[in-house]
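Coordinates in review
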Amino acid sequence: MSLRVWIWLLSLSVLWGGSFFFAKVAVGELPPLAVVSGRVGLAAVALNVVLIARGQGLFRRSTLWGSFLMMGLLNNVLPFSLLFWGQTQIASGLASILNATTPLFTALVAHFLTADEKLTRAKCGALVAGIAGVVLLVGPDFLAGAHAGIAGQVACLGAAISYAFAGIYGRRFRTMGVAPLDAAAGQVTASTLLILPIMLIVDRPWLLPAAPSLTVWAALAGLAILSTALAYVLYFRILAAAGATNLLLVTFLIPVTAILLGATFLGERLELRHFLGMGFIAAGLALIDGRIWRLLRPAK
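Residues numbered from 1 in each chain as written. Predicted model: local features only at pLDDT ≥ 70, side-chain atom pairs only at ≥ 80, totals over all residues. Heavy atoms only, no water.

**Observations regarding the overall build of the chain**
- For the chain, the helix and strand inventory stands at 13 helices and zero strands.
- Radius of gyration (C-alpha) of the chain: 19 Å, near the 19 Å computed for a compact globule of 300 residues.
- Judged by the C-alpha coordinates and their principal axes, the chain covers about 60 × 50 × 35 Å.
- Expressed as a percentage of the 300 residues in the chain, the buried residues total 52%.
- In the chain, 88% of the contacts between residues at least 6 apart in sequence involve partners at least 24 apart.
- Per element, the accessible surface of the chain, about 14,200 Å² overall, is 71% carbon and sulfur.
- Across the chain, the mean location of the 20 positive side-chain charges is 12 Å away from that of the 9 negative side-chain charges. (Helix = DSSP H or I, 4+ residues; strand = E, 2+ residues; numbered from the N terminus. Rg over C-alpha atoms; globule rule 2.2 N^0.38 Å. Buried < 20%, exposed > 50% of the residue type's maximum accessible area, 1.4 Å probe, protein only. Contact = heavy atoms within 4.5 Å. Areas by Shrake-Rupley, 256 points an atom, 1.4 Å probe, with all protein chains shown as cover. Lys, Arg positive; Asp, Glu negative; His and termini not counted. Charge placed at Lys NZ, Arg CZ, Asp CG, Glu CD.)

**Re the pattern of salt bridges**
- Counted according to the given criterion, the structure contains two salt bridges.
- Aspartate 141 is the salt-bridge partner of arginine 273, the closest N and O atoms lying 3.2 Å from each other. In this pair, arginine 273 sits in helix α12 (residues 272–289) while aspartate 141 sits in helix α6 (residues 121–144), placing the two residues 132 residues apart along the sequence. Of the two residues, arginine 273 and aspartate 141, both sit in the buried class.
- Through salt bridges that share partners, Asp141, Glu271 and Arg273 make up one connected network. (Salt bridge = Lys/Arg side-chain N within 4 Å of Asp/Glu carboxyl O.)

**Some thoughts on the packing of helix α5 (residues 102–113) against α6**
- Two elements in contact, α5 and α6, have axes separated by 10 Å at closest approach and are oriented at 135 degrees. As judged from the angle between their axes, α5 and α6 are oblique. Crossing angle aside, the handedness with which α5 passes α6 is left-handed. Here Leu104, Ala107 and Leu108 of α5 come into contact with α6, specifically with Lys123, Ala126, Leu127 and Gly130. (Axes fitted to C-alpha atoms, helices over the stretch in contact; angles between N-to-C directions. Parallel < 35°, antiparallel > 145°, perpendicular 65-115°, else oblique. Left-handed = near helix turned anticlockwise from the far one by under 90°.)

**Quick look at the side chain of serine 37**
- Tracing the backbone through its elements, the reader meets serine 37 in helix α2 (residues 32–53).
- Assessed through its relative accessible area of 9%, serine 37 is described here as buried.
- When near neighbours in sequence (up to four residues on either side) are disregarded, serine 37 contacts Leu42, Ile195, Leu196 and Met199.

**Some remarks on the environment of glycine 133**
- You can see glycine 133 is positioned in helix α6.
- The exposure class assigned to glycine 133 is buried, which follows from its relative accessible area of 0%.
- Between the C-alpha atoms of glycine 133 and glycine 93, which are 40 residues apart in sequence, the distance is 15 Å.
- Residues contacting glycine 133, with those up to four places away along its chain left out, are Gly277, Phe280 and Ile281.

**A short note on the packing of aromatic side chains**
- Tallying each qualifying case throughout the model produces eight aromatic pairs.
- For the pair tryptophan 16 and tyrosine 232, a centre-to-centre distance of 6.0 Å together with 75 degrees between the ring planes defines the contact as edge-to-face. Separated by 216 residues along the polypeptide, tryptophan 16 in helix α1 (residues 3–26) and tyrosine 232 in helix α10 (residues 214–247) bring together distant segments of the chain.
- You can call tyrosine 232 buried: its relative accessible area is 3%.
- Relative to phenylalanine 84, the ring of phenylalanine 80 has its centre 5.9 Å away and its plane inclined at 15 degrees; by these criteria the two rings are stacked. Remark: phenylalanine 84 and phenylalanine 80 occur in helix α3 (residues 65–86); sequence separation between them is four residues, near one turn of the helix. No difference in accessibility class separates phenylalanine 80 from phenylalanine 84, as the two residues are buried.
- Linked through ring pairs, Trp16, Tyr232 and Tyr235 together constitute an aromatic cluster.
- Above the ring of phenylalanine 80, the side-chain terminus of arginine 39 is found at 3.9 Å from the ring centroid. (Phe/Tyr/Trp six-rings, centres within 6.5 Å; stacked < 30°, edge-to-face > 60°. Lys NZ or Arg CZ within 6 Å of the ring centre and 35° of its normal.)

**What about α5?**
- With 12 residues, α5 extends 16 Å from end C-alpha to end C-alpha; this agrees with the ideal 16 Å at 1.5 Å per step.
- Taken as a whole, α5 has its buried residues at Thr102, Pro103, Leu104, Thr106, Ala107, Val109 and Ala110.
- Taken together, the buried residues of α5 touch α4 (92–99), α6, α7 (147–169), α11 (250–265) and α12. (Expected span 1.5 Å × (residues − 1).)

**Some thoughts on the packing of α11 against α12**
- Where α11 contacts α12, the axes come no closer than 10 Å and their chain directions differ by 155 degrees. As the angle between them shows, α11 and α12 are arranged roughly antiparallel. Contacts from Thr251, Phe252, Pro255 and Ile259 of α11 reach α12 at Phe275, Met278, Ala282, Leu285 and Ala286.
- Class assignment for the residues of the contact of α11 with α12 results in eight nonpolar, one polar and no charged. (Nonpolar A, V, L, I, M, F, W, Y, C, P; charged D, E, K, R; others polar.)

This is how it looks when you write it as C-alpha cells:
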C-alpha cells in the first residue's frame, strides 16, 4: 500500500475506535435506538449536503435503493443497535474487542455464501483461535452468572455477525461501479429511513425526563460526522484502492483506540483475561490475513 493509503487506514482505525467512546457517552443519557438514529441521520444529512454541493444528488431514478436498504440494515441498523445496547451493559473497550471478531465470522459466512472464499486450513485455525478468545471473554461471566454482562457481550457478537453478512453483501457495490461517496451516503440514508419509525415507536424520545446535555450532543456529532460520514468515505476509498485484505488490517487497530479512550476518559479498566482474549482474536485475524506467513515463508 502507498503511504497515502496507510494514512487512510490509520485514520479509519481511530475514527471507528472512537465510535465506541462516543457511543458509551451517548447511551448514558439516550436510549440505544435514539443514538442509532442520531448517528445515521446526522451522517445522512452531512453526506447528502456534500453530494448536492457537487451536483450529484442521491435522490434520482438510478439510485439503487433496494441494495442500499439491505446494506443499511446489515451494516448499520442491526449492528449499531446491538452494539449500543451492549455498551449499556459492558465497557466500550470490551465491546471493541468483541467487534474485532467480524473478519472471523466473515470467513465463516463467506464459505457458505460465496464460490471463491472457501475455508482453508489457515482460516479454520483462525476460527479456533477466535473461538478460544471469545470463550476467555464470555466464559467467566457465564460461570459466575453475570447475566447482564453476558447479554451485552452476546449482543456485540451479534453485531459482528451482522457486519459479516454486510461484508459479503457489500461486494456487489464494486461490481456495480458505485462511487465511494454514493455508497456511503446511500447506506446511511437508507438506514435513517429504516430506523427512524422504529425508534419513534420504541423509544418515544419526547418522553425523556430531560433534554440531552451538550456532552451527549457532541458525542452524537462525533459519531455521525467523524465515525460514520467521514469513516465510510475512507472505508470505500481504501476498499477500492487496496482491496479487502488490506482493509482487514483496520480490525487489529480499532480496539487500541477504543481501550485507550475508555481508560483515559471513562475510567474503564479491563481484566487480564480480556487482553488474553484479545490476543487469541488477534492471532485469528493474523491467520486470516496471511501477511505474517507470507513474510516468514522462505523465498524461492
